[in-house]
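Structural features, examined
For reference, the chains in residue letters:
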Amino acid sequence: MSNIVVFGSQWGDEGKGKIVDMLAQESAAIVRFQGGNNAGHTLVVAGEKCILHLIPSGILHPGKVCLIGNGVVLDPEVFLHEIDKLAAKGVDVSPARLMISKKTHVILSYHRALDVAREALRSGGTKIGTTGRGIGPCYEDKMHRCGIRAGDLANPELLREKIARALEEKNVLFKGLYGCEVMDAEQIYRELLPIAERIRPYLGDVSSAIQAATAGGGTVLFEGAQGTHLDIDHGTYPFVTSSTTVSGNAASGSGCSPRMLERIIAIVKAYTTRVGGGPFPTELFDATGDYLQEKGGEFGATTGRKRRCGWLDMVVLRESARLNGPTELAVTKLDVLSGLKELKICVAYEYQGQTVQYPPQEENGMAFVTPVYETLPGWEEDITACTSFADLPENARKYLVRMEQLSGVPIGLVSVGPDRAQTFGRG
Ligand code: GDP
Ligand code: IMO
Ligand code: MG
């Protein structure tokens, strides 16, 4: 086995959690390297569903080490809630196998409040549709160099001082600009103390833990969150998240060398979805869109919002291939396409009178493209019980082969249902 990076190639919710859970079996350690509890990764094992927001998707495999890297933003209350829920199901969430980097930035109540207040001030088409979890404001503080890091939770005096300093500025915004209640630094500090106490045993040196996992001959699985087109630099800015979601960040966001990143797996949903605001060239507003939404159960795993649905977009995928360097694709939710007479694939865009192969670089350029489609025949059969590529109906195989041709990346895995077991290799 090699070290593996799993990343989302579209706008998130491609099925990363399911594939990470499946691959975790072979890995010594599983690491989250960016994002926070804006993520919702769904695992289904023997019919039982488990949604994870912060804890790496390897946690259901006993004995595997789960690491939360420096690139993550961690809401300590959510972390504790998540481990409590897992513990109640009998999952081992002890510090012996679960670690948070001391360098990970911490989301506090004022980040959540700022996120919600900012979103409320935006109107109509300018709304980003954030998850309201405080992700953006926490990353802002990190870059502004006034953030609170997980390691600070072990130093009450520093914590008190930092919260007070942060609120001096935030309260000016709350009162003056957003017209909401100011926050009491001392109260936030006091409420945080028992939470910090519980978090403390989980704090550690994630770089060293990765080094230790590989020194013993084990491999590391890096679990991306969100998707390439939500990346702060390369996504559909400003309708993006606040972290670097591309594969290269697996190294920086966890504290290891990029030379460790070997197998890079692009998770691709067999169609496209997006939740929140922003351009979506292949979005469907008709009965086919409703069909995908309903059959695919396309509701956000974090906010419960309906996901917008559309055809597969190879311009989006081509850009993801160029930015992430995938060694293979893992195609998910192929089963959802069963029953559609015809399938469309967007192969290029018309933009400013030209046919383009990559998304425009201008801000919000994707809002002004017209997709160029190729049509392929669909298939009727239920494929959820298929166990190999050869088992698939001919038209399903043709659809996958066309994806390989158009992206220039071979398919490694195919997923035909939410369960861990409903996955097979390309063969
Ligand atoms: P993630 O954020 O990328 O981990 O994806 P989510 O968990 O937010 O959304 C993917 C959804 O699709 C979840 O409900 C999964 O259980 C489900 N899912 C994953 N793979 C498949 C598949 O091959 N077929 C079907 N029908 N559902 C799948
Ligand atoms: P996973 O890991 C899908 C979207 C939000 C919003 C934008 C910014 O489950 O694939 P944020 O709260 O991050 O500031 O919101 O990003 N978004 C996601 N969409 N899947 C996710 O994660 C997402 N995380 C954030 O809907 O449009
Ligand atoms: Mg999700």
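See the structure above.
Presented here is an overview of the structure given in this document. Per-chain numbering applies: the sequence of each chain, read as written, is numbered from 1 onward. A letter from A marks each chain and a number from 1 marks each ligand, given out in the order of writing. Thresholds applied to this predicted model are a pLDDT of at least 70 for local features of residues and 80 or more for the giving and counting of side-chain atom pairs; totals over whole chains, interfaces and linings are not thresholded and use all residues. Where side-chain values are given, they derive from all heavy atoms of the structure, hydrogens and water being excluded.

1. Here we look at the site of ligand 1
As a reminder, the rule being used: Nearness of a residue to a molecule or strand requires only that one of the residue's heavy atoms be within 4 Å of it. Distance and chemistry together define a polar contact, namely a pair of N or O atoms within 3.5 Å, with one atom able to donate a hydrogen and the other to accept it when in protein, and with adjacent residues in sequence counting only for side-chain atoms on both sides. Under the convention used here, a 1.4 Å probe and the Shrake-Rupley method define accessible areas, while residue burial counts only the protein chains that appear. Counting from the N terminus, the helices are the DSSP runs of H or I reaching at least four residues and the strands are the DSSP runs of E reaching at least two. Three classes are used, and their members are as follows: Ala, Val, Leu, Ile, Met, Phe, Trp, Tyr, Cys and Pro are nonpolar, Asp, Glu, Lys and Arg are charged, and the others, Gly among them, are polar. Where each domain starts and ends follows an automatic or database-derived domain assignment.
As a structural note, the neighbourhood of ligand 1 is formed by 19 residues, with Gly-15, Lys-16, Thr-42, Asp-335 and Ser-415 the closest of them. Between ligand 1 and Gly-15, the relevant distance is 2.8 Å, taken from an oxygen atom to a main-chain nitrogen or oxygen of the residue. Burial of ligand 1 by the surrounding chains reaches 92%, relative to a free accessible area of 580 Å². For the shell around ligand 1, the secondary structure elements donating two or more residues are α1 (16-24) and β3 (41-45). A total of 3 residues in the shell around ligand 1 trace back to one element, the largest contributor, which is α1. Taken together, the residues that form the shell around ligand 1 break down as 4 nonpolar, 8 polar and 7 charged. Two domains each put at least three residues into the shell around ligand 1: domain 1 (4-101 + 203-263) and domain 3 (268-425).

2. A short note on the environment of Gly-325
Put simply, the rule is: The contact rule is simple, with two residues in contact once any of their heavy atoms fall within 4.5 Å.
Its location among the elements puts Gly-325 in the loop between α10 (314-324) and β15 (328-332). Setting aside chain neighbours within four positions, we find Gly-325 in contact with Ile-264 and Ser-320.

3. Description of the coordination of the magnesium ion (ligand 3)
Octahedral metals with six donors have ideal donor angles of 90 or 180 degrees. Tetrahedral metals with four donors have an ideal donor angle of 109.5 degrees. Definition in use: Here a donor is any nitrogen, oxygen or sulfur atom (N, O, S) within 2.8 Å of the metal, with 3.2 Å used for Na, K and Ca; water is not among the atoms considered, so some sites may look incomplete.
In this structure, Asp-13 (OD) and Gly-40 (O) serve as the protein donors to the magnesium ion (ligand 3), at separations of 2.1 to 2.2 Å. Of this pair, Asp-13 sits in the loop between β1 (4-8) and α1 while Gly-40 is found in the loop between β2 (29-32) and β3, placing the two residues 27 residues apart along the sequence.

4. Points about the sheet that holds β15
Pairing between sheet strands relies on hydrogen bonds along the backbone, with the strands arranged either parallel or antiparallel. Put simply, the test is: Any two strands are treated as partners once DSSP identifies two or more bridges connecting them. In this analysis an axis means a line fitted to C-alpha atoms, helices contributing only their contacting stretch, and an angle means the value between N-to-C directions, from 0 to 180 degrees.
Read from one edge to the other, the open sheet built from 10 strands follows the order β9-β7-β5-β2-β10-β1-β11-β15-β19-β20, with strand pairing classed as mixed. With one partner strand each, in any of the chains shown, β9 (203-204) and β20 (423-425) form the two edges of the open sheet. Here β1 runs beside strand β11 (residues 263-269); their pairing, made up of 5 bridges, is parallel. Across the sheet, the residue bridging to Ile-4 is Arg-263, located in β11. Across the sheet, α1 touches β1, β2, β10 (220-223), β11, β15, β19 (411-415) and β20, and the angle it forms with β1 is around 165 degrees.

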